[in-house]
Amino acid sequence: MNFRFLLFALTLICFLSIMGCSDINDTDEKVDNDNEVMEVSNNEELDGSSGDAIPKPPSLTVYVGEETVRPSLGTYSWSVDNGDGTASGIEAGSSAPPELVKDSNPMQVPADTNVELDFEEQPESYTVRIWDEDNKVVNSSDEVVLSAKGKVVYEVLAHWEQGTASYAFSLEIE
């Protein structure tokens, strides 16, 4: 009888140990289209069909002469009021702007080209920064400056009431 009890106890301990080491929990990691990893509850859906879309900052389109550039969304912090006294928010990190655009083919433009920033929703303020290949900011302005020659990496850091967002793009200045 002692042998049966000992065998049962060892089996129970092994079973509980295996269950404790399993990767079953109440959250899953899912990746959205911009490659940020988010934690969501198993009963939430990322496509927003449940009515709880994940908040994101407005998009930015850069008009370079007659052409358009879609910058990469970088680091951002964004929240929205749910209308019931609560808010939904997200903090998303990314690489430095030179890393975000290193595999993109920059548009070639002459130094006298007109560049305009068109936000889906106008920010309260924004700053345009130029980065070097050592991941350091070398210039900061309130507009896109086309002064250097070669590949130039730009970051637009925008501020709204709901949060901040960083966008990166590069241009090849002739």
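Definitions and limits used
- Residues numbered from 1 in each chain as written.
- Predicted model: local features only at pLDDT ≥ 70, side-chain atom pairs only at ≥ 80, totals over all residues.
- Heavy atoms only, no water.
- Helix = DSSP H or I, 4+ residues; strand = E, 2+ residues; numbered from the N terminus.
- Buried < 20%, exposed > 50% of the residue type's maximum accessible area, 1.4 Å probe, protein only.
- Contact = heavy atoms within 4.5 Å.
- Areas by Shrake-Rupley, 256 points an atom, 1.4 Å probe, with all protein chains shown as cover.
- Pairing = 2+ DSSP bridges.
- Core = buried A, V, L, I, M, F, W, Y, C linked by side-chain atoms within 4.5 Å.
- Salt bridge = Lys/Arg side-chain N within 4 Å of Asp/Glu carboxyl O.
- Polar contact = N/O pair within 3.5 Å; in protein donor to acceptor, adjacent residues only side chain to side chain.
- Axes fitted to C-alpha atoms, helices over the stretch in contact; angles between N-to-C directions.
- pLDDT = per-residue confidence, 0-100.

Right, let's talk about the overall build of the chain for a bit. Tallying secondary structure elements over the chain gives two helices and twelve strands in all. Per-residue burial over the chain gives 30% buried out of 174 residues. Pairs at least 24 apart in sequence give 56% of the contacts found in the chain among residues at least 6 apart. Accessible surface, the chain as shown: approximately 11600 Å² in total, 48% of it carbon and sulfur.

Turning to the pairing of strand 10 (residues 137-141), a few remarks are in order. Direction of pairing for strand 9 (residues 125-131) relative to strand 10: antiparallel, over a ladder of four bridges. By the bridge assignment for strand 10, Ile130 is matched with Asn139. Hairpin remark: strand 9 followed by strand 10, antiparallel, with five residues in the connecting loop; positive phi at Asn135, about 60°.

Core analysis: the largest hydrophobic core is formed by 27 residues, its most contacted members being Tyr154, Tyr167 and Leu171. Sorting the residues of this core by element identifies strand 3 (60-64), strand 5 (72-81), strand 6 (87-92), strand 8 (115-119), strand 9, strand 11 (150-160) and strand 12 (163-173) as the ones contributing at least two each. Filtering out sequence-adjacent residues up to four positions away, Tyr154 remains in contact with Val128, Arg129, Ile130, Val144, Val145, Leu146, Tyr167, Ala168, Phe169, Leu171 and Ile173.

Tallied over the entire structure, the rule returns two salt bridges. Ionic pairing is found between Glu99 and Lys102, a salt bridge with its closest N-O pair at 3.3 Å. With a relative accessible area of 48%, Lys102 lands in the partly exposed category. A salt bridge links Glu155 to Arg129, with the nearest nitrogen and oxygen atoms 2.8 Å apart.

The next point concerns the side chain of Ser141. Position of Ser141 relative to the elements: it lies in strand 10. In this structure the side chain of Ser141 is engaged in a polar contact, spanning 3.3 Å, whose partner is the backbone nitrogen of Glu143. Setting aside residues up to four positions removed in sequence, Ser141 forms contacts with Thr127 and Val128.

This part is about the sheet that holds strand 8. Ordered in space as 4-3-8, the three strands form an open sheet in which the pairing is antiparallel. Two strands lie at the open edges of the sheet, namely strand 4 (67-69) and strand 8, each paired on one side alone. Put simply, the sheet's adjacent strands are angled 30° from each other on average, direction ignored. Where strand 3 and strand 4 come together, three bridges link them in antiparallel fashion.

Let us look at the confidence of the model for the chain. When pLDDT is averaged along the chain, the result is 80; 70% of the residues meet or exceed 70. Segment residues 24-50 is flagged for pLDDT under 50; beyond a separation of four residues in sequence, or across chains, it makes 37 contacts in the model.

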